[in-house]
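# Results of the structural survey
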Amino acid sequence: QQQVKQSPQSLIVQKGGISIINCAYENTAFDYFPWYQQFPGKGPALLIAIRPDVSEKKEGRFTISFNKSAKQFSLHIMDSQPGDSATYFCAASATGNQFYFGTGTSLTVIP
Amino acid sequence: GAVVSQHPSRVICKSGTSVKIECRSLDFQATTMFWYRQFPKQSLMLMATSNEGSKATYEQGVEKDKFLINHASLTLSTLTVTSAHPEDSSFYICSAVTIGGPSYNEQFFGPGTRLTVL
């Protein structure tokens, strides 16, 4: 059973546009929700993360929106740039336990 | 963010040989490290959880005698692929989880190791 469901599988956005990737989870014990960015041939890099005590976290052009009641969280990339083209993974974990990853979203930003 | 290194970044070996991959947390201590395998255009597949000072916990379907994990210290875990075969060719990624402090339970990944078995 997929613990974290991610959509869309792929996304094409024009330069300057907003990229939105969504994730949903079932386990209410999860208390940490990170997003990772991965370029081909590289390991995933932590992009931004949120804990359930807040509904939104913003770092530069990247924002996480978190809806605890709906058990959903999303990544928004504002003013998307070609350099943002990568695969993005959401994840969830309960402190001290393993991380569960979404299936990934391949983002392409067109110049 | 915290830094995790992996060595080697690439390895090519002959079928039947063993390969050791090292994972180090450079600027923090990690009681827990994870080992993942990733196939092209797919998500990360957890292979095992490595805990310092105790035996690793393997995921279902992962052969513990083939993928030997040792977590010798709070900053080092090793994965040894024994008697490697072409089907073991993959991208192996480790990660380390922070303990304590304001950044607790954050997971940081190494750069990955591309293993090719001829």
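Everything below is about the structure printed above this text.
Here's a quick rundown of the structure. Computed from a predicted structure; not experimentally measured. (Residues numbered from 1 in each chain as written. Chains lettered and ligands numbered in written order. Predicted model: local features only at pLDDT ≥ 70, side-chain atom pairs only at ≥ 80, totals over all residues. Heavy atoms only, no water.)

Moving on: the packing of aromatic side chains. All names here are of chain A. Considering all chains together, one arrives at 18 aromatic pairs over all chains under this definition. On the basis of an interplanar angle of 45 degrees and a centroid distance of 4.8 Å, the ring pair of Y25 and F33 is categorised as tilted. As far as burial versus exposure is concerned, Y25 and F33 are alike and both buried. Ring plane angle 10 degrees and centroid distance 6.3 Å describe the contact between Y25 and F66, whose orientation is recorded as stacked. Of the two residues, Y25 is situated in strand β3 (residues 19–25) and F66 in strand β7 (residues 62–67); the sequence distance between them amounts to 41 residues. Put simply, the rings of Y25, F30, F33, W35, F66, F73 and Y100 touch in pairs and so form one group of aromatic residues. (Phe/Tyr/Trp six-rings, centres within 6.5 Å; stacked < 30°, edge-to-face > 60°. Buried < 20%, exposed > 50% of the residue type's maximum accessible area, 1.4 Å probe, protein only. Helix = DSSP H or I, 4+ residues; strand = E, 2+ residues; numbered from the N terminus.)

Another aspect to go through is a nonpolar patch on the surface. Side chains of A:I18, A:I20 and A:M78 sit close together on the surface and give an oily, nonpolar patch of about 230 Å² of accessible area. Within the secondary structure layout, A:M78 lies in the loop between β8 (72–77) and β9 (86–93). (Patch = residues over 30% accessible without salt bridge, like charges linked within 9 Å, V, L, I, M, F, W, Y side chains within 5 Å. Areas by Shrake-Rupley, 256 points an atom, 1.4 Å probe, with all protein chains shown as cover. Salt bridge = Lys/Arg side-chain N within 4 Å of Asp/Glu carboxyl O.)

A few words on the sheet that holds strand β3 (residues 19–25) of chain B. Residue and element names in this part refer to chain B. Strand order in the open sheet made by the four strands is β1-β3-β8-β7, with antiparallel pairing throughout. Bordering the open sheet on either side are β1 (4–7) and β7 (67–73), each of which pairs with just one other strand. Ignoring which end each strand starts from, the neighbouring axes of this sheet average 15 degrees apart. One ladder, built from four bridges, connects β1 with β3; its direction is antiparallel. For Q6, the partnering residue across the bridge sits in β3 and is C23. (Pairing = 2+ DSSP bridges. Axes fitted to C-alpha atoms, helices over the stretch in contact; angles between N-to-C directions.)

Glancing now at the side chain of B:E106. Here B:E106 shows up in the loop between β9 (90–97) and β10 (107–109). A:R51 provides the closest opposite charge to the buried, salt-bridge-free B:E106, at an N-O distance of 4.2 Å. Those residues in contact with B:E106 that sit more than four places away from it in its chain are A:Y32, A:L46, A:R51, B:A96, B:V97 and B:T98. (Lys, Arg positive; Asp, Glu negative; His and termini not counted. Contact = heavy atoms within 4.5 Å.)

The next thing to look at is the interface of chain A and chain B. At the interface, 21 residues of chain A touch 21 residues of chain B. Together, the buried faces of chain A and chain B total about 1,500 Å²; carbon and sulfur atoms form 55% of this surface. Summed over the shared surface of chain A and chain B, the number is zero salt bridges. Counting only elements with at least two residues in the side of chain A that touches chain B, the list comes to β4 (33–38), β9 and β10 (99–101) of chain A. A per-class count over the side of chain A that touches chain B returns eight nonpolar, 10 polar and three charged. (Buried area = accessible area lost by both parts, 1.4 Å probe. Nonpolar A, V, L, I, M, F, W, Y, C, P; charged D, E, K, R; others polar.)

This part covers the state of the cysteines. This model, assessed by the stated rule, comprises two disulfides over all chains. Two residues share a disulfide in this structure: A:C23 and A:C90, whose sulfurs sit 1.9 Å from each other. Judged by the sign of its S-S torsion, about -95 degrees, the cystine formed by A:C23 and A:C90 is left-handed. Of this pair, A:C23 sits in strand β3 while A:C90 sits in strand β9, placing them 67 residues apart in sequence. Here A:C23 and A:C90 have matching classes, each one buried. Each sulfur of the disulfide joining B:C23 and B:C94 lies 2.0 Å from the other. Disulfide B:C23-B:C94: the torsion about the S-S bond is 80 degrees, which places it as right-handed. In this pair, B:C23 sits in strand β3 while B:C94 sits in strand β9, placing the two residues 71 residues apart along the sequence. Each member of the pair, B:C23 as well as B:C94, is classed as buried. We note that B:C13 lacks a disulfide partner, and the nearest cysteine sulfur, in B:C94, lies 18 Å from it. (Disulfide = S-S within 2.5 Å.)

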